[in-house]
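Next come the chains, spelled out residue by residue.
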Amino acid sequence: MFILNYQIIFKNIVLIIIVASCFSADVKAQEMMYSFDIKDAQGSWEHAKLDARDVISTIKAKNIATVYIYVPKSGNYQLMVSLYHRWRKYCPFLYFKVKDSRGRFFSDYIFSENRFYMPAGKGRWEYRSPSASPYWYLNEGLAKVKFWVEAKNNCWEGKDVPMEGKIFIDKFVLISVDMKGMVQLSIKDENDILD
Amino acid sequence: MKSITRREFIKKSLGVASGLACSQLLPFYTTSQGGVLSPQSEVALVKGSKITQITDKALELLGGIGKVVKPGAKVFIKPNYIAGGFMGHDPVRSGEIPHPEVVAAVARQCVKAGAKQVIVGEWYERPLKIEFGGEKNKHGAQIKKLIDKINKKFGNKVSLVDLRKYTESFMYVPSSTSLQWLAIPNLVAEADTVISVAVLKTHHRPISVTFGMKNFVGIMPSILYGEPRMKLHDAGINQVILDIVKGIKPKLTVISGVYGMEGEGVVLSFGGKPVDVASRIGGAVVIAGFDPVATDSTATRLITKDWRPQPKDNNLGVPWYIKHLRMAYEQGLGQIHSSCIKIKGENLEDLAMSWLMPKKNVYPELPNYI
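It should be emphasised that the depicted structure is a prediction, and the values quoted were computed from it without experimental measurement. (Residues numbered from 1 in each chain as written. Chains lettered and ligands numbered in written order. Predicted model: local features only at pLDDT ≥ 70, side-chain atom pairs only at ≥ 80, totals over all residues.)

All names here are of chain A. The strand order S3-S6-S12-S8-S9 describes an open sheet built from five strands, whose pairing is antiparallel. Whereas interior strands pair on both sides, the edge strands pair on one side only; in this sheet they are strand S3 (42-43) and strand S9 (105-111). Note that strand S6 (residues 65-71) and strand S12 (residues 141-152) share seven bridges and pair antiparallel. Counterpart to Val 67 in the pairing with S12 is Val 145. (Pairing = 2+ DSSP bridges. Helix = DSSP H or I, 4+ residues; strand = E, 2+ residues; numbered from the N terminus.)

Here's what the structure looks like:
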């Protein structure tokens, strides 16, 4: 009996630590929009600063990174990733594998268009969602998000090519989808260079 | 009792039979568009040199824009401005975008019909040079200048909107593709009347013509579907186009045929070739209709005169071989049968013109496709 209680106490302490670390990773609830900074990401992506933002980056294809995001309430969500790159020729494709607190599993990809329209060396921030088919049902609790990048010749043919440059990510955002009215909020980067 | 001749009897019988055939083929469309359409869809085709005038004339031939724009209405106009001028060229003369005078004429008509608010909007990701306004006459797309004039005269009712910047939420509409639901920007979903203003052009992939219905892909949020919207393509772009149309129910389609693009459109960089329509048929054309499928089918017939081989069934014609048009017809969104489309204004056969096919994207469904 004592051993069982000890295990429960230990598990609860671990859970509290994980949840607390997620909230310290800046969870902002704003009209059912939850933002998660990337600074606690694990894996072999590099931690750095870009445009005064804490980011992780990689120049290596299939380099895996992992983040834990706390889903505040079970429901339907769009997962958004805020990313940046300066590729002018090729398109980065980001692949995601997500497992929620109850083992529900999702995998999908997103891509970002090459910046052919921008001066060399210039990039821009943008949001992209891997969960738009049409949204993901995530259970309350910690969800594990595993992701990596691959380079493709363009956005439609998908032939493998070498990485053209670094990819940067500064945060993930969860946006709830209101099933009653079938509505979700829109989001855009406040410093998007196109604006 | 009035007697009729044998000729009159045959004529009337054919008319009734044709009407019944058309109405049976339009189960969805006739019931969902608030009675605007008759089973026999009407499409206006007007040729001339004064662009605003021929646009106004086309709308007048349909019975006026008041049929679909009621006083106090919120109108959303979607011009096909998503791709154009990337290489610093004039996107109007290249035929990549509809002529700004056509867009402005439609907006003006909406305001005159009593619209409370008219949004001319597009979701675009790239910093288009045109910016809906043109760069000091350099790029030719002076829509902003024209809109300013309308606002000066009628009060500030028309606004140019980049949906990427101003969308606050998405409303979902059902899709029969793997996507299940499609996210529509609130400014479009909340409009009382949605209007498509497209341009005559062919497409290098994956659909061979891009007119009024395909134009709506440009309202779809790139943050969800990518830029270009490959997630929509992956799900099956033909059905996605139709699901968008079913969701937003456009009430009017206007196609600008001042300049157009042939061959490997939709932009110069893909290999598309600009066409000055007047150099082919002696004037610019505007095509307009309340039935989006019939309007797109008419535009298709206008530019596929020399597309070989010609389909055997002239009543269905090339539109039958354009997958999204055929599917739209089969799903009851509108008409493609030439016998069920009444052309008002010019004679379609007189204006039908040569137009380069997109070589890499000729429909495999075309008979004898190589």
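Still more ground to cover, so stick around.
A few words now on the packing of helix H11 (residues 292-303) of chain B against helix H12 (residues 323-330) of chain B. All names here are of chain B. Where H11 contacts H12, the axes come no closer than 10 Å and their chain directions differ by 145°. Pair H11 / H12 crosses with left-handed handedness. Contact residues: Val 293, Asp 296, Ser 297 and Thr 300 in H11; Leu 325, Ala 328 and Tyr 329 in H12. When grouped by side-chain class, the residues that make up the contact of H11 with H12 number four nonpolar, two polar and one charged. (Axes fitted to C-alpha atoms, helices over the stretch in contact; angles between N-to-C directions. Left-handed = near helix turned anticlockwise from the far one by under 90°. Contact = placed C-beta atoms within 7 Å. Nonpolar A, V, L, I, M, F, W, Y, C, P; charged D, E, K, R; others polar.)

With respect to the secondary-structure elements, Phe 106 of chain A resides in strand S9. When the C-alpha atoms of Phe 106 of chain A and Asn 139 of chain A are compared, they prove to be 12 Å apart, with 33 residues separating the residues in sequence.

Residue and element names in this part refer to chain B. Per-residue confidence for chain B gives a mean pLDDT of 86, with 81% of residues at or over 70. Note that pLDDT drops below 50 for residues 24-37; the model gives that stretch 24 contacts with residues more than four away or on any other chain. Scored as a whole, the predicted complex attains pTM 0.88, and scored at its interfaces, ipTM 0.83. (pLDDT = per-residue confidence, 0-100.)

To continue, consider the nonpolar core. Grouped together as the largest cluster of nonpolar side chains are 154 residues, with contacts concentrated most on Ile 77, Val 106, Ala 107, Cys 110 and Val 118 of chain B. Cys 110 of chain B has contacts with Ile 65, Val 69, Val 75, Ala 115 and Val 118 of chain B, leaving out every residue within four places of it along the chain. Counting residues in hydrophobic clusters, the runner-up holds five residues, among them Tyr 90, Cys 91, Ile 110 and Cys 155 of chain A. (Core = buried A, V, L, I, M, F, W, Y, C linked by C-beta atoms within 7 Å. Buried ≥ 20, exposed ≤ 12 C-beta atoms within 10 Å, placed from the backbone.)

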